[in-house]
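# Analysis of the macromolecular model
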Amino acid sequence: MYSQLEKMGCSRSYITKMKERHGTVIVYPHEEDNWFVVRPLKVKEMRMIKEIAGQDLEKLNKEILESAVVFPKLTEEAVNELPAGLPDVLVNMISRLSAFIPVELAFSLSKEL
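Computed from a predicted model, the values in this text were never measured in an experiment.

### Remarks on the pairing of strand β1 (residues 26–31)
In terms of strand pairing, β1 meets strand β2 (residues 34–38) through five bridges, oriented antiparallel. Each residue of the ladder has a partner; that of proline 29, found in β2, is tryptophan 35. With antiparallel pairing between neighbouring strands as the criterion, β1 and β2 make up a hairpin whose turn holds two residues.

### A look at the pattern of salt bridges
A full pass over the atoms with the stated rule returns four salt bridges. Among the salt bridges present, the one from lysine 59 reaches glutamate 63, with a minimum N-O distance of 2.9 Å. Separated by four residues within a single helix, lysine 59 and glutamate 63 lie in helix α4 (residues 57–68), roughly one turn from each other. Owing to a relative accessible area of 30%, lysine 59 belongs among the partly exposed residues under this scheme. Classification of glutamate 63 as buried rests on a relative accessible area of 14%. One salt bridge in this structure joins glutamate 76 and lysine 62, with 3.7 Å as the shortest N-O distance. A residue pair is termed long-range when its members are at least 10 positions apart, and glutamate 76 in helix α5 (residues 76–80) and lysine 62 in helix α4 qualify at 14 residues. Beyond isolated ion pairs, a larger network of salt bridges with shared partners links Glu58, Lys62 and Glu76.

### Some words on the packing of α4 against helix α6 (residues 86–97)
Two packed helices can be described by the angle between their axes and the distance between those axes. Following both chains from N to C, one finds α4 and α6 inclined at 65 degrees, their axes separated by 10 Å at the closest point. The orientation of α4 with respect to α6, classified from their angle, is roughly perpendicular. Handedness of the α4/α6 crossing: left-handed. Counting all contacts with α4, which are made through Asn61, Ile64, Leu65 and Ala68, the residues of α6 involved are Pro87, Asp88, Leu90, Val91 and Ile94. Residue composition of the contact of α4 with α6, grouped by class: seven nonpolar, one polar and one charged.

What counts, and where the lines are drawn
- Residues numbered from 1 in each chain as written.
- Predicted model: local features only at pLDDT ≥ 70, side-chain atom pairs only at ≥ 80, totals over all residues.
- Heavy atoms only, no water.
- Pairing = 2+ DSSP bridges.
- Helix = DSSP H or I, 4+ residues; strand = E, 2+ residues; numbered from the N terminus.
- Salt bridge = Lys/Arg side-chain N within 4 Å of Asp/Glu carboxyl O.
- Buried < 20%, exposed > 50% of the residue type's maximum accessible area, 1.4 Å probe, protein only.
- Axes fitted to C-alpha atoms, helices over the stretch in contact; angles between N-to-C directions.
- Parallel < 35°, antiparallel > 145°, perpendicular 65-115°, else oblique.
- Left-handed = near helix turned anticlockwise from the far one by under 90°.
- Contact = heavy atoms within 4.5 Å.
- Nonpolar A, V, L, I, M, F, W, Y, C, P; charged D, E, K, R; others polar.

Following this line, the structure appears as structure tokens:
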């Protein structure tokens, strides 16, 4: 798994640093050469994201993705270029990983690094 991530430009040392900083880090292999590494959000981060987004669900999802996807780093423009259903899948995974929904379900959708 690490060799595949390294081919995409995500080094093992970067993953190690993210695991040290955030605890759990998981990978979602969307396509053969399009994987996403995500981390959980803390309650404080989620509160701040909700303040920024207000009632705008699309803005909320973009803020979650920009904060919790550690590879590849996603900007608002990059989020807009993702396949239509992928942002929702990633946001659900991040929410589950962050224990906003059952963690067992999050792990059933991903692989721990």
